[in-house]
Amino acid sequence: MTQSFWLFGSRLDIIADHTTTEGKYDLIEGYFPPGTQTPLHRHTRYSEQLYVLEGEFTVWAGENKAVLKAGETFLIPPSTAHVIGVLSDNPARGLMVASPSAFARLIAEVGTQNENEIPDMELAQRISAEIGDEILGSPDNLPSK
């Protein structure tokens, strides 16, 4: 059963996680309003694959920058500093596969049911550390080249 949460301005629907994939991957559908951008971060223990369903995502990963449209995909290897943003005036929707499973845990434990509720940042930092995620900057920081 799909679980829906709000996290840092985006709605994230957990379609599959460790309980249904034997820990091999998480499958998450994300809805990102215009102007949404993740903080600069990296996942040290899993890769992240983004597949665009609707709209346009801009991805900065290491020294690479890509503008992705519907039907396009981008793989972010483990330990790669990256930012994902929606810079257009339209929302974007995409599928994310985290392999092995870990990212869904952060969403489920830190995400909120209310779009305007602020997540517990202490909990976010603790769970991030446990799954090997590192926040490297604020949403306006991009990976250095």
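Residues numbered from 1 in each chain as written. Predicted model: local features only at pLDDT ≥ 70, side-chain atom pairs only at ≥ 80, totals over all residues. Heavy atoms only, no water.

- In the nomenclature of an unreviewed UniProt entry, the chain is known as Cupin domain-containing protein of Nostoc flagelliforme FACHB-838.

### What about the overall build of the chain?
Thought 1: A tally of regular secondary structure across the chain gives three helices and eleven strands.
Thought 2: Tracing the chain from N to C terminus, the helices and strands come up as β-β-α-β-β-β-β-β-β-β-β-α-α-β.
Thought 3: For 145 residues, the compact-globule estimate of 2.2 N^0.38 gives 15 Å, and the C-alpha radius of gyration of the chain, at 14 Å, lies within 12% of that figure.
Thought 4: Within the chain, the fraction of its 145 residues that count as buried is 43%.
Thought 5: Within the chain, residue pairs in contact and separated by at least 24 positions form 69% of the contacts whose partners lie at least 6 positions apart.
Thought 6: Surface summary for the chain: the accessible area is close to 7,600 Å², and the carbon and sulfur share equals 51%.
Thought 7: Side-chain charges in the chain split into 10 positive and 20 negative, and the spacing between the mean points of these groups amounts to 5 Å. (Helix = DSSP H or I, 4+ residues; strand = E, 2+ residues; numbered from the N terminus. Rg over C-alpha atoms; globule rule 2.2 N^0.38 Å. Buried < 20%, exposed > 50% of the residue type's maximum accessible area, 1.4 Å probe, protein only. Contact = heavy atoms within 4.5 Å. Areas by Shrake-Rupley, 256 points an atom, 1.4 Å probe, with all protein chains shown as cover. Lys, Arg positive; Asp, Glu negative; His and termini not counted. Charge placed at Lys NZ, Arg CZ, Asp CG, Glu CD.)

### A word on the side chain of Asp26
Thought 1: In this fold, Asp26 is placed in strand β3 (residues 26-32).
Thought 2: There is no salt bridge for the buried Asp26, and the closest opposite charge comes from Arg105, which lies 9.8 Å off by N-O distance.
Thought 3: Within polar-contact distance, the side chain of Asp26 engages the backbone nitrogen of Phe103 at 3.0 Å. (Salt bridge = Lys/Arg side-chain N within 4 Å of Asp/Glu carboxyl O. Polar contact = N/O pair within 3.5 Å; in protein donor to acceptor, adjacent residues only side chain to side chain.)

### So, the packing of helix α2 (residues 103-110) against helix α3 (residues 121-131)
Each packed pair of helices is defined by two parameters, the angle between the axes and the distance between the axes.
Thought 1: Across the interface, α2 lies against α3 with an axial gap of 10 Å and an inter-helix angle of 165 degrees. For the element pair α2 / α3, the angle class is roughly antiparallel. Where α2 crosses over α3, the handedness of that crossing is right-handed. The residues of α3 that touch α2, namely those facing Phe103, Arg105, Leu106, Glu109 and Val110, are Leu123, Ala124, Ile127, Ser128, Glu130 and Ile131.
Thought 2: Considered class by class, the residues forming the contact of α2 with α3 number seven nonpolar, one polar and three charged. (Axes fitted to C-alpha atoms, helices over the stretch in contact; angles between N-to-C directions. Parallel < 35°, antiparallel > 145°, perpendicular 65-115°, else oblique. Left-handed = near helix turned anticlockwise from the far one by under 90°. Nonpolar A, V, L, I, M, F, W, Y, C, P; charged D, E, K, R; others polar.)

### Section: the nonpolar core
Thought 1: Among the nonpolar cores identified, the biggest contains 30 residues, and Phe57, Val59, Phe103 and Ile107 are the most heavily contacted of them.
Thought 2: Top contributing element to this core by residue count: α2, with five residues. (Core = buried A, V, L, I, M, F, W, Y, C linked by side-chain atoms within 4.5 Å.)

### Some points on the sheet that holds strand β5 (residues 47-54)
Thought 1: Reading across from one edge, β1-β2-β3-β10-β5-β8 is the order of the six strands in this open sheet, with antiparallel pairing throughout. Each having just a single partner strand, β1 (3-7) and β8 (73-76) make up the two edges of the open sheet. Strand-to-strand twist in this sheet, taken as the mean axis angle between neighbours without regard to direction, amounts to 25 degrees.
Thought 2: Pairing of β5 with β8 involves four bridges; the strand directions are antiparallel. (Pairing = 2+ DSSP bridges.)

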